Amino acid sequence: DTGVSQNPRHKITKRGQNVTFRCDPISEHNRLYWYRQTLGQGPEFLTYFQNEAQLEKSRLLSDRFSAERPKGSFSTLEIQRTEQGDSAMYLCANGGADEKLFFGSGTQLSVL
Amino acid sequence: DQQVKQNSPSLSVQEGRISILNCDYTNSMFDYFLWYKKYPAEGPTFLISISSIKDKNEDGRFTVFLNKSAKHLSLHIVPSQPGDSAVYFCAAVEYGNKLVFGAGTILRVKS
């Protein structure tokens, strides 16, 4: 158990619907990352926060994706108007003072 | 353009033998590397890391070797156990402490 909690574990939605995922990180670690993983690939970076500030967004993150981290604690990732290509596992990771990241169990999204 | 490559999609070894997983990278600016293990329906779990100032780091049954001139890493697991069966990801640290992952290698340890 890495202490990083993600909800829900699974989400099935219809194309065009909006979905929101939540990540509750380890409280003393100020860096929070979102990654996406598809079958047969490694996790791909989406965005990251230092405390409440969103410092970088990947070009993979289209305008339909938005992430927030109010008050530098939990984070949410919202996908608007979902497409079938959004089907993937969405991983949240938390980092402290060193280079190691601790991942949650992920949210598996299936867009029908 | 993949900066971190794991060219073997899968590896099968007998219990008790050595498992060797390989990783190559293209960006000479990378100076810190990590290995993660992932079971199905779970997130990646940190295994072992190495800084570019070293060429070897050992932790129990796991040893990571780094050859900077060849831009090559390897993870050795000895002896391999059935519980080691998982997907192994090599990752390099980029600016902002972001991790760049390879595509992973599926390790199957047969008993």
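Look above for the structure.
Residues numbered from 1 in each chain as written. Chains lettered and ligands numbered in written order. Predicted model: local features only at pLDDT ≥ 70, side-chain atom pairs only at ≥ 80, totals over all residues. Heavy atoms only, no water.

**Notes on the overall build of chain B**
Along chain B, the regular secondary structure elements total 0 helices and 11 strands. Walking chain B from its N terminus toward its C terminus, one meets helices and strands in the order β-β-β-β-β-β-β-β-β-β-β. For a compact globule of 111 residues, the expected C-alpha radius of gyration is about 13 Å, and chain B comes in at 13 Å, within 12% of that figure. Structurally, chain B occupies a C-alpha span of about 40 × 30 × 20 Å along its principal axes. Burial statistics for chain B: of 111 residues in total, 46% are counted as buried. Within chain B, residue pairs in contact and separated by at least 24 positions form 52% of the contacts whose partners lie at least 6 positions apart. Per element, the accessible surface of chain B, about 5300 Å² overall, is 49% carbon and sulfur. (Helix = DSSP H or I, 4+ residues; strand = E, 2+ residues; numbered from the N terminus. Rg over C-alpha atoms; globule rule 2.2 N^0.38 Å. Buried < 20%, exposed > 50% of the residue type's maximum accessible area, 1.4 Å probe, protein only. Contact = heavy atoms within 4.5 Å. Areas by Shrake-Rupley, 256 points an atom, 1.4 Å probe, with all protein chains shown as cover.)

**Concerning the state of the cysteines**
Taken as a whole and assessed by the stated rule, the structure comprises 2 disulfides over all chains. Sulfur-sulfur distance for the disulfide between A:Cys23 and A:Cys92 comes to 1.9 Å. Sign of the S-S torsion, about -65 degrees for the bond between A:Cys23 and A:Cys92, identifies this disulfide as left-handed. Highlighted residues: A:Cys23 in strand S3 (residues 19-24) and A:Cys92 in strand S9 (residues 88-95), separated in sequence by 69 residues. By relative accessible area, A:Cys23 is classed as buried at 0%. Residue class for A:Cys92 comes out buried when judged on its relative accessible area of 0%. Here B:Cys23 connects covalently by a disulfide to B:Cys90, the sulfurs 2.0 Å from one another. Judged by the torsion about the S-S bond (-70 degrees), the B:Cys23/B:Cys90 disulfide is left-handed. With a gap of 67 residues between them, B:Cys23 in strand S3 (residues 19-25) and B:Cys90 in strand S9 (residues 86-94) connect regions that are remote in the sequence. (Disulfide = S-S within 2.5 Å.)

**A few points about the pairing of strand S7 (residues 62-67) of chain B**
Residues and elements named next belong to chain B. Two strands pair when backbone bridges link them, and strand S6 (residues 56-59) and S7 are joined in this way by 4 bridges, in the antiparallel orientation. In the strand pairing of S7, Asp59 is matched with Phe62. For S7 and strand S8 (residues 72-77), the ladder comprises 6 bridges, and the chain directions are antiparallel. Across the sheet, residue Thr63 finds its bridge partner in S8, namely His76. (Pairing = 2+ DSSP bridges.)

**Brief notes about the packing of aromatic side chains**
For any two aromatic rings, the description comes down to two numbers: the centre-to-centre distance and the angle of the planes. Taken as a whole and assessed by the stated rule, the structure comprises 16 aromatic pairs over all chains. Judged by centre distance (4.6 Å) and plane angle (40 degrees), the rings of B:Tyr25 and B:Phe33 are tilted. Taking relative accessible area as the criterion, B:Tyr25 reaches 6% and is therefore assigned buried. Counting every residue linked through ring pairs, the aromatic cluster contains A:Tyr33, A:Tyr35, A:Phe45, A:Tyr48, A:Phe103, B:Tyr36, B:Phe46, B:Phe89 and B:Phe101. The lysine or arginine in question, A:Lys100, covers the ring of B:Phe46, its NZ or CZ lying 5.2 Å from the ring centre. (Phe/Tyr/Trp six-rings, centres within 6.5 Å; stacked < 30°, edge-to-face > 60°. Lys NZ or Arg CZ within 6 Å of the ring centre and 35° of its normal.)

**A short note on the sheet that holds strand S1 (residues 4-5) of chain B**
The antiparallel open sheet is built from 5 strands, whose spatial order is S1-S3-S8-S7-S6 (chain B). Two strands lie at the open edges of the sheet, namely S1 and S6 of chain B, each paired on one side alone.

**Some remarks on the interface of chain A and chain B**
Between chain A and chain B, the contact holds 21 residues from the first and 20 residues from the second. Taken together, the two surfaces of chain A and chain B that pack against each other cover about 1600 Å², and 59% of this comes from carbon and sulfur. For chain A, the biggest contributors to the area lost against chain B are A:Glu99, A:Lys100 and A:Phe103; these three give 30% of the whole. Joining chain A to chain B, the criterion identifies 1 salt bridge. A salt bridge links B:Lys98 to A:Glu56; the shortest N-O distance between them is 2.6 Å. (Buried area = accessible area lost by both parts, 1.4 Å probe. Salt bridge = Lys/Arg side-chain N within 4 Å of Asp/Glu carboxyl O.)

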